Amino acid sequence: MERPGRLLLLSELRVRNTAYDVSLSRSLLTWKRRVSSPVYHPFRPSVCHSVSVSEIISVREEEEENGSRRREDGSWKKIKEREEKDYRQAFTVLYVERCRQHRWRCAEVTFTCSDAALCQHWISSIREQLAAITSRPKHLLVYINPYGGKRQGKRIYEQKVAPLFALAGVSTHVIVTEFANHARDHLKMEAELKKFDGVVCVGGDGMFSEIIHGLIWRTQIDNSVDPNCPDETLSTCSLRIGIIPAGSTDCICFATVGTNDPVTSALHIIVGDSQPMDVCSVHHNNTFLRYSVSLLGYGFYGDVLTDSERKRWMGPARYDLSGLKMFLTHHCYEGTVSYLPARGIIGTPRDAARCQSGCVVCQHNGRLHSERAERYEMDDTSDCESDGEWRTIRGKFLAINAASMSCACPRSPKGLSPAAHLADGTTDLILVRKCSRFDFLRHLLRHTSKDDQFDLTFVEVHRVRRFRFTPRHCQSDSELELDLQENGKHQIFSQICRDHPACGCAPAYSSWNCDGEILTHTAIDVRAHCQLIKLFARGIEEPPVFEDLTNPCAI
Ligand SMILES: CCCCCCCCCCCCC/C=C/[C@@H](O)[C@H](COP(=O)(O)O)NC(=O)CCCCC
Ligand SMILES: Nc1ncnc2c1ncn2[C@@H]1O[C@H](COP(=O)(O)OP(=O)(O)O)[C@@H](O)[C@H]1O
Ligand SMILES: [Ca+2]
């Protein structure tokens with residue numbers, strides 16, 4: 001919490017008919033109960049509240065008519081003659097209140113004063129402070145997927161989000177999508193982006209994916225960048241994106257805000273938070289396929305997604321059923337993974353520390369990345385190819401996953417890669433080699449417990465800037481020959497496995513799950529782009545240990 005700084009206003013006002021010293025500085029609104037007697041009173045401790053100006057949602061003048069005051073819901077409350085005789089002028093401050101598990105709520109406090117001019121002075125002073133915050137959005141473009149998750153997107157927006165935007169004076173242009181890719185194409189070709197301060201996505205990870213595809217594509221075209229070239233340095237998108245969770249997994253919202261709660265997300269949008277985020281571009285043979293911000297998964301997660309699409313009618317529960325089915329199926333896939341390790345950065349995928357609000361790892365690695373990009377631009381060489389040495393791994397895998405962020409979600413609150421960073425310009429490449437069903441179950445279960453899912457002999461994890469994958473059936477003859485020379489014996493076993501599918505590594509083909517969408521190709525080239533987009537979020541906040549120590553009133 002910030003220190004109050006120079007006071008702009010200090011008055012004696014009342015809250016529920018009790019006298020308070022209320023002060024306003026550029027950073028804080030504080031109200032402290034007046035102590036009538038200097039004698040220490042154990043049952044009536046000095047009560048002090050403070051709220052950061054940056055977390056005030058709005059201020060409302062309370063109307064008074066015939067001795068009654070209008071409540072927030074529009075009903076009228078009689079003013080008690082005896083109690084508030086001289087305190088009939090009132091204003092209400094609406095502000096962010098933190099609840100359990102990273103949830104935010106809109107709380108309010110009503111101050112009464114004896115003097116109409118003083119009341120107006122308070123209202124206008126708070127409004128002036130709010131108007132001076134330039135990072136707050138005033139006009140938003142909202143896309144609602146009415147069919148995401150439990151099909152509640154429209155209701156969630158209308159009942160929980162729109163009233164908060166109205167309170168905060170945020171105007172909106174709302175589009176309820178009519179078909180898949182409606183939002184993406186509207187952003188790509190039609191939307192008048194100059195009119196807006198941000199885009200809001202009401203839906204799940206798949207819907208968010210549509211939004212970033214529209215925005216990133218449009219930004220590249222506007223800046224004459226060729227999105228088909230995997231070596232191009234992409235232009236960063238200026239518009240921030242807000243996510244109102246209304247999908248099935250909602251991992252991007254969970255991993256950037258800490259909870260899947262529409263009110264919390266709406267409040268992060270209103271206060272104008274900003275969280276940069278890495279984006280991976282996925283290419284096949286120098287042709288652009290898709291962008292990914294969370295999970296790129298081949299094998300297990302690709303198969304779960306493919307199977308679950310046929311069960312969409314079940315809603316979010318489809319993933320549990322398909323997850324169980326694919327676990328029992330236990331397919332393994334052969335292929336070659338090559339990757340470019342991230343060099344010079346701080347942080348590893350095995351760190352105990354997590355990416356949090358104001359993360360120093362993201363700041364440091366982000367700076368490093370832009371310095372390098374500037375240097376490479378002057379040298380006119382591609383940053384990726386000259387960045388280090390490629391390493392290659394051939395083998396049979398149950399899953400090949402790349403997590404550009406933790407991918408924390410209600411199913412796995414620590415995520416697929418708990419120490420991954422939102423904005424460090426890297427992705428964590430997780431290789432789960434062929435193992436028994438029992439071992440794979442141990443690995444999966446560790447996503448839901450404190451145990452380290454990477455501390456198993458058949459799992460390896462690398463923090464990378466770029467990687468390529470070629471499934472065995474797409475390898476060229478020369479690559480296959482190289483395989484044979486390197487691994488002749490192993491190839492003979494491969495043949496035996498093919499003839500006996502029960503062993504679990506029959507040459508089945510998987511697909512890539514790219515943020516919840518199935519990719520059309522399996523041989524891919526993936527590159528992490530540091531901080532390409534920004535969200536209306538602030539990363540995961542550390543819960544306060546001792547509330548009072550953070551409260552300036554207590555110091
Ligand atoms: C026996 C216990 C097994 C527990 C395993 C839990 C591991 C869960 C990790 C989930 C990571 C999810 C990463 C996010 C993926 C989403 O992009 C994608 C689409 O989401 P949406 O558009 O909202 O539907 N969701 C999935 O692919 C679902 C994966 C579920 C795997 C069980
Ligand atoms: N109006 C619509 N009709 C059908 N599909 C849509 C519509 N709007 C968006 N979609 C698509 O629905 C898919 C799933 O959306 P999403 O909001 O992520 O829900 P879920 O999390 O349940 O998968 C996305 O691929 C998106 O492109
Ligand atoms: Ca990252």
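Residues numbered from 1 in each chain as written. Chains lettered and ligands numbered in written order. Predicted model: local features only at pLDDT ≥ 70, side-chain atom pairs only at ≥ 80, totals over all residues. Heavy atoms only, no water.

- The chain goes by Ceramide kinase-like in an unreviewed UniProt entry, where it is assigned to Stegastes partitus.

1. Quick notes on the coordination of the calcium ion (ligand 3)
The textbook angles at a metal center are 109.5 degrees for a tetrahedron of four donors and 90 or 180 degrees for an octahedron of six.
Then, number 1: In the first shell of the calcium ion (ligand 3), the protein supplies D278 (OD), S404 (O), H421 (O), D424 (OD) and T426 (O), at 2.3 to 2.6 Å from the metal.
Then, number 2: Donor residues for the calcium ion (ligand 3), ordered by position in the chain, follow D-x125-S-x16-H-x2-D-x1-T. One end of the pair, D278, is in strand β15 (residues 275–284); the other, H421, is in the loop between β19 (391–403) and β20 (427–433), and 143 residues separate them in sequence. The pair D278 / H421 is uniform in exposure class, with both members buried. (Donors = N, O, S within 2.8 Å, 3.2 Å for Na, K, Ca; no water. Helix = DSSP H or I, 4+ residues; strand = E, 2+ residues; numbered from the N terminus. Buried < 20%, exposed > 50% of the residue type's maximum accessible area, 1.4 Å probe, protein only.)

2. Details of the UniProt feature "domain: DAGKc" (unreviewed entry) in the chain
Then, number 1: The feature "domain: DAGKc" (unreviewed entry), as given by UniProt, occupies residues 135–286 in the numbering adopted here.
Then, number 2: Counting secondary structure, residues 135–286 comes out at 38% helix and 22% strand; the distance between its end C-alpha atoms is 38 Å. (UniProt positions renumbered as here; feature names shortened; annotations may be inferred.)

3. Description of the site of ligand 1
Then, number 1: If you check the shell around ligand 1, you find 20 residues, and the closest are D205, G206, T249, Y319 and N513.
Then, number 2: Compared with its free state, where it exposes 770 Å², ligand 1 has 88% of that area covered by protein.
Then, number 3: Tallied by class, residues from the shell around ligand 1 come to eight nonpolar, eight polar and four charged. (Near = heavy atom within 4 Å. Areas by Shrake-Rupley, 256 points an atom, 1.4 Å probe, with all protein chains shown as cover. Nonpolar A, V, L, I, M, F, W, Y, C, P; charged D, E, K, R; others polar.)

4. Describing the pattern of salt bridges
Then, number 1: A complete count under the given rule lists 28 salt bridges for this structure.
Then, number 2: As a salt-bridge pair, D452 and R350 come within 2.9 Å of each other at their nearest N and O atoms. Of this pair, D452 sits in the loop between α10 (437–445) and β21 (459–471) while R350 sits in the loop between β18 (333–341) and α9 (360–379), and the two are 102 residues apart along the sequence.
Then, number 3: We classify R350 as partly exposed; its relative accessible area is 44%.
Then, number 4: Here the salt bridges share partners, and the residues they tie into one network are E55, R98, D273, R538 and E541. (Salt bridge = Lys/Arg side-chain N within 4 Å of Asp/Glu carboxyl O.)

5. Thoughts on the packing of helix α7 (residues 300–309) against helix α8 (residues 318–329)
Then, number 1: Between α7 and α8, whose axes approach to 8 Å, the crossing angle comes to 125 degrees. Regarding the angle of α7 to α8, the classification is oblique. Here α7 and α8 pass one another in a crossing that is right-handed. Seen from α7, the contacting residues are F300, D303, V304, L305, D307 and S308; seen from α8, they are R318, Y319, S322, G323, K325, M326 and F327.
Then, number 2: Of the residues assigned to the contact of α7 with α8, the class counts are six nonpolar, three polar and four charged. (Axes fitted to C-alpha atoms, helices over the stretch in contact; angles between N-to-C directions. Parallel < 35°, antiparallel > 145°, perpendicular 65-115°, else oblique. Left-handed = near helix turned anticlockwise from the far one by under 90°. Contact = heavy atoms within 4.5 Å.)

6. Topic: the site of ligand 2
Then, number 1: Taken together, 20 residues lie near ligand 2, and G149, T177, G204, E210 and S248 sit nearest.
Then, number 2: Taking G206, its main chain carries an N or O atom lying 2.9 Å from an oxygen atom of ligand 2.
Then, number 3: Here E210 contributes a side-chain N or O atom positioned 2.3 Å from an oxygen atom of ligand 2.
Then, number 4: For ligand 2, whose unbound accessible area comes to 570 Å², protein coverage reaches 86%.
Then, number 5: The element contributing the most residues to the shell around ligand 2 is helix α4 (residues 205–222), with four residues.
Then, number 6: Across the shell around ligand 2, the residue classes tally to five nonpolar, nine polar and six charged. (Polar contact = N/O pair within 3.5 Å; in protein donor to acceptor, adjacent residues only side chain to side chain.)

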